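Topology and contacts: notes
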Amino acid sequence: MTQGPLNLDDADFWGNFKKTKADVLAWISSHDFRGVLIDAPQHIVADSQETIPVVGYFARSLRDDLVIDQVKSMLVVAVDLDSFQVRIGAALVRDKTPAPAAKPRYDAGEGLTVNAFEIDLRTTLDLPLQSARYRVTVLLREFVSNSVRINIRAATPQISTHSLASLLPTTASNQQANFHQHADSPALPTQDAIHINASLTASGPLLLGSYRIPVPVEFIVGELKSRVPLNVPNHANLRTVIPISIIVTGHDVAGPWVISINAPSYEAIDRSDPQARAQGYFTLSGELLNDFPQAASSYYVTAFSGGIVSATQSLTIPSAP
Amino acid sequence: MVFDLRKNAKKYKSSDGDTLERIAQRERDAGNDITWEDIAKFNWGSADKAIVNEYLRDALGARLRDADKNFLISADDEPSGELLIPIRYKKANIETNKKYVFHVTKQPAPPQQFLECASIPGVTFEFDKSFVRPSVVDHLAALQAALKKHPAAKVLVFGHTDKVGSETYNKALSERRANSVYAFITNDVNTWEQLYTAENWGIKSVQEVLADLGGPYHPGLVDGKSGPKTEAAIKNFQKDNGLVVDGVAGPNTRKKLFMAYMSGKHDIKLTADDFLDPKHIGCGEFNPVIQTEEANEANRRVMFYLFDAKRPPSFPCKEGDVCPCKKQMTPPKPRYVDTFACSFYDSVAKDCGCEIKPAAVKQFAVAFISPQHKVTPVKQYINLKSADAGRDALGHVIEFTVGAKTDPSLRPARDGDTVFIEVLFDRSTGRNDPKPKLDIPGAQELDGGKLYTGSVKFAGGASNVTFTVDLGLAGSEKCEVKIGSTAKCEDAKVNFENWRKVFFQLSLPQSATAPSFTRMTNALGEIFVEYEKYKDHVFETDKGPSGSSISWFPGEWLDEPGKKLLNLGDYNKDFFHKQFVDDKTPLGVHIAACHTQYDANSAACERDFLNVEASATSTVVWSDGSTANGVDIFVGDGLFPLFLKDGTDARKSASWSEKGGTGKGTIGNSDILIRTGALLGWLTIRLPAAAKLVVDSAAGKHVLINATVMSAQGPFLGESDGKSKWLQLVVIKQTANVVNDVSAHELGHTFNQVVSTVAPGMDSKKHTRKYTANGHQGPHCAFGMSEDNFAKGAGKKATPYEGNFAGKPECTCIMYGENGSGSTCTGTFCDLCKPFLKSEGLTTLHEKKS
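Fair warning: this is a prediction, and the values are worked out from it, not measured in the lab.

Quick notes on the overall build of chain B
Of the regular secondary structure elements, chain B holds 18 helices and 34 strands. Across chain B, contacts joining residues at least 24 apart in sequence account for 70% of those joining residues at least 6 apart. Counting every atom, chain B has about 36900 Å² of accessible surface; 51% of that belongs to carbon and sulfur.

As structure tokens, then:
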């Protein structure tokens, strides 16, 4: 199996992923690419492997290299495409005590420096080697990698027993979220997507979003809806609930900060329609963003829901006057 | 004194208040000059008061006593014999010149009636039952010994009850007890079968017998409940005794069981001929040894009396009838034993040591038999195997064995005696799994698990009882175990303090010297970890993994000329670790010391530099001091001339191309310089001649340099191996305090600090200064940092706190993210970290890894 961004066979991800390095460097050089490029095996047979590898290259200017600590800043996000559950963690951190050291200050110029990296999602995110589908993305400050999909197949098929309530993130403050259109809300996407706007108001950060997301059958509220504690408004007329995770990382401090919401939809859904989509708006502000970083710095906001990843929006918290 | 012929003696007729003295006085008044001694000797051959009293009781049926407890005769006595009043012999008109012949018969002295006694104490019987429990054996042995001593004796069995129930019921019960014992001695299983049915002995008696037989017949717990173990035991017995194997103790099985019980180890060789007639008597409730209306074990007893076969007492008793008993009770005093109502029994028992001083029934107290500890509190290691008595595989579960205190003034333990237990836990850490507890059936948990109470009973004739206490797996927790023969639990106590013991072996590079680890062991002692070195090892110079010659690198690279320096990293640490794995010793933590710590196994070690511009104005200083056109690139501190992982040249390739042109070429290694010493981390590339021609060809002309080098990642000061959690790397080239703090820090990580996972029952949110990343790798502790600054650093306030927590002198905990030179670490774990560190069980650190 081939055709990932790094043009690797699935087997190459275990020990031979640099075989296309020359081509990758040539592409990076010719495109003057700055950022993170990742790839992963499309299919993993759980019983024959012990790791879930994600490999990639990080390209940055020499000038950036002096100020970016790749190890401390790189985050990896895996979204379960069935449950929409999000796992996020430091991609490269190991439990070591660093020796105090300072990088020199000099004019490093605009040249590029590139290094490859490997991430084992079993180690970093504690992902089980069980049948599942994930979409994986790497965040590194303002750099957001491409997303890749991994299908893990266990030799013994597992029966999916997802229930809506068990899939949803527990967000006690979900009721504080506003799911109506705001005057500055981004327009509803015409294709499957999440659009977000991040801004700073007098009362603090404001995150506005709109979404159009394929609805898994499991997320359509059935007859038992009245018994499911979804913590959403207008509960009786609820038709679907879409978990959306907003992940924030920082320029100086990686974080991450994660805000999880359950976006409700009240429009009728045809369970038999494979094209069924849920769409709507969300507005996050005030107490719901209590955990949003407030130290002066630049922050990068990205929303994830199932296989959909939003474009990253930056938000700068200025120093206090 | 000589008396007239016996046939001429007068027969006495009972009269109220008579004594031998009064009878004699009347005779003297009437001219018959005799004394009471004359009457006694004439009738019974002895004027001994005790013997006279026995004859008054047995022959004349006397039951009343005077103040000196001598029997008085009354008119309503029911004599079983007769009293003759002798006539003083007188012969008148005897002449001096004649010869007379007098024939005189001497009355022989009587044998002693009471010879010996033995008892079967009450604990041999259950309430309202006559089944003889296994503890009877010692008492029967005493009986057999007594008979051996008195071959002319005959035995009489007296049964007694306590006062619960009616007099009539208890009379019958006491008779059954006496009968049951007699049947036991004479192997009379039919009588037992009758009693089994009449008293509904039930499965418990079967279990007691099976348990006493033991071996394959042991039924497990003797609880009166049928179950698989009991059924299996019965089947085993049935199989071995030719019975139908159905697991049910029916009449046939019971008979064989009872016979095995009676004729087995408890058998004594007595027959019916060894007993008086009647062979057994029941006194009911009338002669208790302890005056109480309650159920009382001491009162439920059976007595054996040995009497001379020629002079047994004459019993007023009648089976199933309390009337004769009642008659003996009037008047109630005086008695030799105040609690005895029956005058007859009281006088019979007056020589019986078993009955006369029953309350020499001593008190009972308990003591720990095992484990015994000379020093308390006991420093209990809960995470490793213990050779101490009663410990489980990890030492935190202790089985206590308790027995009666050995003191001459105290009695031994008996079946049914209770040991009361009180266990106090301080529960100082909050860890709740395994839960510290008193682990016995029926234990009561109080005060949120800080107090447990319970009791166990002596049973089956055993001299010991056992109970179990689980101390839990949290270090520092304290426990007090108290026992007693009363609910106050005042007899004995022992205190425990939970510790974890962790071994470490220290490996040092050859020629390196280890600092004192006192600072570290003190810090660990505060979290109740005893850190003990059990082995030293030396890494020999130039030894490294196969195919690599660079684990030891030239000291020149770090301005230490002439030395060989050992680097340990992800690429070679397993090799060095395996050198000192010792499968024979329980393994704790390995501290592998090294001169430097760089990793060289990750994909990121290969660094590519693309399109780095050089021109005629960019100059570099070469190693010989000359200058040239080129570029200096800072790669990082891990850039050495040889790649640490495999010793190959770190310069992999370099090339140049003309910017905006077609010129290009390679850059040979002679134009690539990897810096060392003070310039460690720098890569200098000078332009080869062809490239220099290009940049010199026109003003502003540039060439673009591409280069690939191999660079290790680091440096680090220490590492807690994330995979196996028992290997720690530490850089020895630091001050003693730093080495101590880094080692303790990495051990803290091995103990899951800072709260990466928590022990059951612990609340990770209580560590209010935990941070992750923020300038350091992994979860760490910012204890000492103000709440405001912590909040700022965590990004929750508008004012920044410099973005991270690195280099904050107020952070003093060992688990702060940096412990290098200049650190203000105080060498101790902070109060936020300590509870979590104390709560870790550390039970797997001793598993052998290979």
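Things to note about the overall build of chain A
Scanning chain A from N- to C-terminus turns up 5 helices and 18 strands. A total of 321 residues make up chain A; the buried ones form 51% of that total. With an accessible surface of roughly 14100 Å², chain A has 48% of that area assigned to carbon and sulfur atoms.

Topic: the state of the cysteines
Here, disulfide denotes a covalent bond that connects the sulfur atoms of two cysteines. All told, the structure shown has 0 disulfides over all chains when counted by the stated rule. Cysteine Cys325(B) shares no disulfide, and the gap to the nearest cysteine sulfur, in Cys317(B), comes to 6.1 Å.

Here we look at the packing of aromatic side chains
All names here are of chain B. Per the stated rule, a full pass over the model turns up 47 aromatic pairs over all chains. Centre to centre, the rings of Phe368 and Phe400 are 5.5 Å apart; their planes meet at 45°, and the pair counts as tilted. In this pair, Phe368 is assigned in strand E9 (residues 366-370) and Phe400 in strand E11 (residues 397-404), connecting sequence segments 32 residues apart. Classification of Phe400 as buried rests on a relative accessible area of 0%. Within the aromatic cluster, the residues linked to one another by ring pairs are Phe114, Phe158, Tyr305, Phe307, Phe315, Phe340, Phe344 and Tyr345. In this arrangement the basic side chain of Lys379 is found over the ring face of Trp499, its NZ or CZ atom lying 4.1 Å from the centre. The lysine or arginine in question, Arg769, covers the ring of Phe790, its NZ or CZ lying 5.0 Å from the ring centre.

Quick notes on the sheet that holds strand E16 (residues 464-470) of chain B
Residue and element names in this part refer to chain B. The sheet built from 4 strands is open, its strands ordered E9-E11-E16-E13 with antiparallel pairing. Two strands in the sheet have a free side with no partner beyond their single neighbour: E9 and strand E13 (437-438). Pairing analysis gives 4 bridges linking E9 to E11, with the strands arranged antiparallel. Within the sheet, the bridge partner assigned to Ala367 lies in E11 and is Gly403.

A few points about the interface of chain A and chain B
The interface is formed by 43 residues belonging to chain A together with 44 residues belonging to chain B. Regarding the contact of chain A and chain B, the summed buried area is about 3700 Å², with carbon and sulfur atoms giving 52% of it. Area buried by chain A at its contact with chain B is led by Asp95(A), Lys96(A) and Thr97(A), which between them contribute 20% of it. In this assembly, chain A and chain B are joined by 4 salt bridges. In this structure, Lys18(A) and Glu606(B) form a salt bridge, with 3.9 Å as the shortest nitrogen-oxygen distance. Linking chain A with chain B are 11 residue pairs in polar contact (both at pLDDT 80 or more).

Structural notes on the confidence of the model for chain A
Residue and element names in this part refer to chain A. Per-residue confidence for chain A gives a mean pLDDT of 83; residues scoring 70 or more make up 85%. Counted against residues more than four places away or in other chains, residues 166-173, with its pLDDT under 50, gives 21 contacts. In this model residues 223-229 is a low-confidence stretch, pLDDT under 50, and it forms 7 contacts with partners more than four residues away in sequence or in other chains.

Some remarks on helix H1 (residues 20-29) of chain B
Residue and element names in this part refer to chain B. Among the residues of H1, Leu20, Ile23, Ala24 and Glu27 are the ones counted as buried. Viewed along the axis of H1, the buried residues span an arc of 95°, placing them on a single side of the element. Contacts from the buried residues of H1 go to strand E1 (10-11), helix H2 (36-44), helix H3 (49-60) and strand E4 (84-85). Gly31 sits one or two residues past H1 and shows a positive phi near 100°.

Regarding the pattern of salt bridges
In total, this model carries 59 salt bridges over all chains according to the counting rule given. For Glu110(A), the salt bridge goes to Arg63(A), with nearest N and O atoms at 2.2 Å. One end of the pair, Glu110(A), is in the loop between strand E6 (96-98) and strand E7 (112-120); the other, Arg63(A), is in helix H2 (residues 62-65), with 47 residues separating them in the sequence. Assessed through its relative accessible area of 47%, Glu110(A) is described here as partly exposed. Given a relative accessible area of 39%, Arg63(A) falls into the partly exposed group. Of the charged contacts in the structure, one is a salt bridge between Arg651(B) and Asp649(B), with a shortest N-O distance of 3.0 Å. Here Arg651(B) falls in the partly exposed class, since its relative accessible area comes to 24%. Each of the salt bridges in this network shares a partner with another, and the network as a whole consists of Lys18(A), Lys21(A), Glu606(B) and Asp608(B).

Observations regarding the environment of Lys21(A)
Along the chain, Lys21(A) falls in helix H1 (residues 21-31). Residues Lys21(A) and Leu6(A), 15 residues apart in the sequence, show an inter-C-alpha distance of 8.3 Å. What Lys21(A) contacts, discounting residues up to four positions off in sequence, is Tyr57(A), Glu606(B), Asp608(B) and Thr708(B).

Observations regarding the sheet that holds strand E6 (residues 153-159) of chain B
Hydrogen bonds between backbone atoms are what pair the strands of a sheet, whose relative direction is either parallel or antiparallel. Residue and element names in this part refer to chain B. A sheet is described by the order of its strands in space; here 4 strands give the open sequence E5-E8-E6-E7, paired in mixed fashion. On the outer flanks of this sheet lie strand E5 (114-120) and strand E7 (275-282), each paired with one strand and no other. Between one strand and the next, the sheet's axes are offset by a mean angle of 20°, whatever the strand orientation. In the sheet, E5 pairs with strand E8 (residues 302-308) via 6 bridges, with the strands oriented antiparallel. Within E8, the residue paired with Ser119 across the bridge is Met303. Helix H5 (residues 167-185) contacts E5, E6, E7 and E8 of the sheet and is inclined by roughly 140° relative to E7.

Parameters at a glance
Residues numbered from 1 in each chain as written. Chains lettered and ligands numbered in written order. Predicted model: local features only at pLDDT ≥ 70, side-chain atom pairs only at ≥ 80, totals over all residues. Heavy atoms only, no water. Helix = DSSP H or I, 4+ residues; strand = E, 2+ residues; numbered from the N terminus. Contact = heavy atoms within 4.5 Å. Areas by Shrake-Rupley, 256 points an atom, 1.4 Å probe, with all protein chains shown as cover. Buried < 20%, exposed > 50% of the residue type's maximum accessible area, 1.4 Å probe, protein only. Disulfide = S-S within 2.5 Å. Phe/Tyr/Trp six-rings, centres within 6.5 Å; stacked < 30°, edge-to-face > 60°. Lys NZ or Arg CZ within 6 Å of the ring centre and 35° of its normal. Pairing = 2+ DSSP bridges. Buried area = accessible area lost by both parts, 1.4 Å probe. Salt bridge = Lys/Arg side-chain N within 4 Å of Asp/Glu carboxyl O. Polar contact = N/O pair within 3.5 Å; in protein donor to acceptor, adjacent residues only side chain to side chain. pLDDT = per-residue confidence, 0-100. Arc of directions from axis to C-beta. Axes fitted to C-alpha atoms, helices over the stretch in contact; angles between N-to-C directions.

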